[in-house]
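These are the residues of each chain, in order.
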Amino acid sequence: MNTELLKRLSECSIACDNCADACLGEENVKAMIRCIRTDRDCAAICSLTAAYVSGNSEYTEAALQLCKDVCNDCAKECAKHDHDHCKICANACKACAEICEEYLNAVAA
C-alpha cells in the first residue's frame, strides 16, 4: 500500500505545482490567488508526507491527516474554476485525500 500511497502523493504534488504555475498565467490572476496559495500548500504537505511515509517517521499519521485535509480543501478550491489545470488538480487531490484516508483507517484498525 505504501507504493500506491507514495505514487498518489507525488502525483498530487506535481498536479498542484502545475496548477499554481498555470494559474499565474491566467488573465485574471487576482481571481486565482486562493487557488495558487492552496496549490502551494497542498504540494508542500504532499511532499512532506511522502518523506515521512518513506522514512517511517513517527509523525506519519499526523502528516497523513493534515495532508488529507489540505488535499480536500485544495480539491474544493480547484473545483470552483473551469480551467483544465484546475480540474486535473482537483482530481489528483481527491485521489490523494482518499488514499490518505484509506491508510489512516488501516492504521487505526
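### Some words on the pattern of salt bridges
Counted by the stated rule, this structure contains six salt bridges. Where glutamate 11 meets lysine 7, a salt bridge forms, and the shortest distance between an N and an O atom there is 3.9 Å. With glutamate 11 and lysine 7 both in helix 1 (residues 2–24) and four residues apart, the pair spans about one turn of that helix. Accessibility expressed as a relative area gives 39% for glutamate 11, which makes it partly exposed.

### Comments concerning the side chain of histidine 85
With respect to the helices, strands and loops of the structure, histidine 85 is situated in helix 4 (residues 84–108). Polar side-chain contacts of histidine 85 include one of 2.8 Å to the side chain of glutamate 26. Non-local contacts of histidine 85, meaning those with residues more than four positions away in its chain, are made with Cys19, Ala22, Cys23 and Glu26.

### Re the environment of tyrosine 52
Mapped onto the elements of the fold, tyrosine 52 is located in helix 2 (residues 33–54). For the pair tyrosine 52 and histidine 81, spaced 29 residues apart in sequence, the C-alpha separation works out to 31 Å. Leaving out residues up to four positions away in the same chain, tyrosine 52 has contacts with Ser57, Tyr59, Thr60 and Ala63.

### Some points on the environment of aspartate 17
Looking at where aspartate 17 falls in the secondary structure, it is placed in helix 1. Its relative accessible area of 43% is what places aspartate 17 among the partly exposed residues. Sequence separation between aspartate 17 and isoleucine 36 is 19 residues; the distance between their C-alpha atoms is 8.8 Å.

### Some details on the packing of aromatic side chains
Tallied over the full model, the rule gives one aromatic pair. Geometrically, the ring pair formed by tyrosine 52 and tyrosine 59 is tilted, given 6.3 Å between the ring centres and 40 degrees between the ring planes. Assessed through its relative accessible area of 27%, tyrosine 52 is described here as partly exposed. A relative accessible area of 48% means that tyrosine 59 is categorised as partly exposed.

What counts, and at which threshold
- Residues numbered from 1 in each chain as written.
- Predicted model: local features only at pLDDT ≥ 70, side-chain atom pairs only at ≥ 80, totals over all residues.
- Heavy atoms only, no water.
- Salt bridge = Lys/Arg side-chain N within 4 Å of Asp/Glu carboxyl O.
- Helix = DSSP H or I, 4+ residues; strand = E, 2+ residues; numbered from the N terminus.
- Buried < 20%, exposed > 50% of the residue type's maximum accessible area, 1.4 Å probe, protein only.
- Polar contact = N/O pair within 3.5 Å; in protein donor to acceptor, adjacent residues only side chain to side chain.
- Contact = heavy atoms within 4.5 Å.
- Phe/Tyr/Trp six-rings, centres within 6.5 Å; stacked < 30°, edge-to-face > 60°.

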